[in-house]
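# Working through the structure, step by step
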Amino acid sequence: MVSIDLNCDMGESYGAYRFGRDEELLESISSANIACGFHAGDPGVMRRTVALCLEQGVAVGAHPGLPDLAGFGRREMAVGAEEVYELTLYQLGALQAFVQAEGGTLRHVKPHGALYHMAAARGDLADAVARAALRVSGGALVLLGPPGSELLRAGKAHGLRTAAEAFADRTYRPDGTLTPRTEPGALLSDPAQAAAQVLRLVRDGVVTGACGETVPLAAETVCVHGDGPHAAAIARSVRAALDEAGVAVRPPWGA
């Protein structure tokens, strides 16, 4: 049976501020990337989100970001490789503690926002993220990243299992990179359109680019961003389309 993992970034509330509809999203996804307190989240949110995931049988992953709460971790910062290693190690260790306390296992790691894109393009930062994942887990964590990225190359070089990731709610350039959020048409807000994009990806290994071109794209996991206003509807639509098409929705690395 054809299968795909459906992941979502969540646990992004903090303090008195609530973001995302995590409970609804958990009904549709197979793995979760939980914010670790730097770009979003706090200890209480981390603990509760981990517990919810384990109750629902959703695989738990870490979503470390840059220390930029005001910018939601989506602004680049002048950080070097050792600093990226340290801040990633810190965040992975924090989330791992909550997962172990709830009786679960941390399964994967996916950098957030600017850190994700910086590590995808820069070998030294990718190596730093991969080293942190290796040290925390002894090689058990799966590293998620864009297809053909430095992030995946670094993970493989350190003996980690890797998973190429695509996005249900983003459009692509002809070279297979994401359309920057600053450009028109970068985001897909129509649940039916997002579902159609994921189905075409799974069936044919391609997506339709922002300008209508066919873009080859191979992925083992597909992300729905949890912070968008249409996130829950998109996740439901994508899951329903996959179920109807007979595509199994499950993480290849186990729940």
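Please refer to the structure placed before this passage.
About the thresholds
Residues numbered from 1 in each chain as written. Predicted model: local features only at pLDDT ≥ 70, side-chain atom pairs only at ≥ 80, totals over all residues. Heavy atoms only, no water. Helix = DSSP H or I, 4+ residues; strand = E, 2+ residues; numbered from the N terminus. Buried < 20%, exposed > 50% of the residue type's maximum accessible area, 1.4 Å probe, protein only. Polar contact = N/O pair within 3.5 Å; in protein donor to acceptor, adjacent residues only side chain to side chain. Contact = heavy atoms within 4.5 Å. Expected span 1.5 Å × (residues − 1). Pairing = 2+ DSSP bridges. Right-handed = clockwise from strand over helix to strand, strands pointing away. Axes fitted to C-alpha atoms, helices over the stretch in contact; angles between N-to-C directions. Left-handed = near helix turned anticlockwise from the far one by under 90°. Nonpolar A, V, L, I, M, F, W, Y, C, P; charged D, E, K, R; others polar. Phe/Tyr/Trp six-rings, centres within 6.5 Å; stacked < 30°, edge-to-face > 60°. Lys NZ or Arg CZ within 6 Å of the ring centre and 35° of its normal.

### A closer look at the side chain of lysine 110
Considering the arrangement of structural elements, one finds lysine 110 in the loop between strand E4 (106–109) and helix H4 (113–121). Classification of lysine 110 as buried rests on a relative accessible area of 2%. Within polar-contact distance, the side chain of lysine 110 engages the side chain of aspartate 9 at 3.1 Å. Within the structure, lysine 110 has its side chain in polar contact with the side chain of glutamate 165 (distance 2.8 Å). Not counting residues up to four positions away in its chain, the partners in contact with lysine 110 are Asn7, Asp9, Asn33, Ala62, His63, Pro64, Tyr116, Leu144, Glu165, Phe167 and Cys223.

### Side note on helix H3 (residues 81–101)
Because an α-helix packs 3.6 residues into every turn, residues spaced three or four apart end up facing the same way. The end-to-end C-alpha distance of H3 is 30 Å, a good match for the 30 Å that 21 residues give at a rise of 1.5 Å each. Those residues of H3 not exposed but buried are Val84, Tyr85, Leu87, Thr88, Gln91, Leu92, Leu95, Gln96 and Val99. Residues of H3 that are buried in the fold lie against strand E2 (31–35), helix H2 (43–56), strand E3 (59–63), E4, H4 and helix H5 (123–137). Once H3 finishes, glycine 103 follows within two positions and takes phi at roughly 85°, a positive value.

### Details of helix H8 (residues 231–244)
For H8, spanning 14 residues, the distance from its first C-alpha to its last is 20 Å, which sits close to the expected 20 Å at 1.5 Å a residue. Phi turns positive, to about 80°, at glycine 246, one or two residues after H8.

### Looking at the pairing of E3
Of all five residues in E3, five are buried; the element is thus mostly enclosed. Side chains Ala59, Gly61 and His63 project from E3 onto one buried face, and the interleaved Val60 and Ala62 project onto a second face that is buried too. Of the strand pairs in this sheet, E2 and E3 are connected by five bridges, and their pairing is parallel. When the sheet's bridge partners are listed, isoleucine 34 is paired in E3 with alanine 62. Read from E2 through H2 to E3, the crossover connection turns out right-handed. One ladder, built from three bridges, connects E3 with E4; its direction is parallel. The residue bridging alanine 62 from the neighbouring strand is valine 109, located in E4. Crossover E3 to E4 through H3 is right-handed.

### Structural notes on the pairing of E4
Inspection of the sheet shows E4 paired to strand E5 (residues 142–145) by two bridges, in the parallel sense. Each residue of the ladder has a partner; that of valine 109, found in E5, is leucine 143.

### Side note on the environment of histidine 158
One can find histidine 158 in the loop between helix H6 (150–157) and strand E6 (161–167). Separated by 92 residues in the primary sequence, histidine 158 and arginine 250 have C-alpha atoms spaced 25 Å apart. Those residues within four positions of histidine 158 in sequence are excluded, and the remaining contacts are Asp127, Ala130, Arg131 and Leu134.

### Overview of the packing of H3 against H5
Closest axis-to-axis distance for the H3/H5 pair is 8 Å, and the angle between their directions is 35°. Once H3 is placed against H5, the crossing between them reads as right-handed. Note on element contacts: H5 touches H3 through Asp124, Leu125, Ala128, Val129, Arg131, Ala132, Ala133, Arg135 and Val136, opposite Ala81, Glu82, Val84, Tyr85, Thr88, Leu89, Leu92, Gly93 and Gln96. For the contact of H3 with H5, a count of residues per class yields 11 nonpolar, three polar and four charged.

### Regarding the packing of aromatic side chains
Counted under the stated rule, the structure contains four aromatic pairs. Note on tyrosine 116 and phenylalanine 167: the rings are 6.1 Å apart at their centroids and 85° apart in plane angle, and the pair reads as edge-to-face. You can see tyrosine 116 sitting in helix H4 and its partner phenylalanine 167 sitting in strand E6, a full 51 residues away along the chain. We note that tyrosine 116, like phenylalanine 167, is buried. What links up through ring pairs into an aromatic cluster is the set Tyr14, Tyr17 and Phe19. Here the guanidinium or amino end of lysine 110 rests over the ring plane of tyrosine 116, the centre of that ring lying 5.8 Å away.

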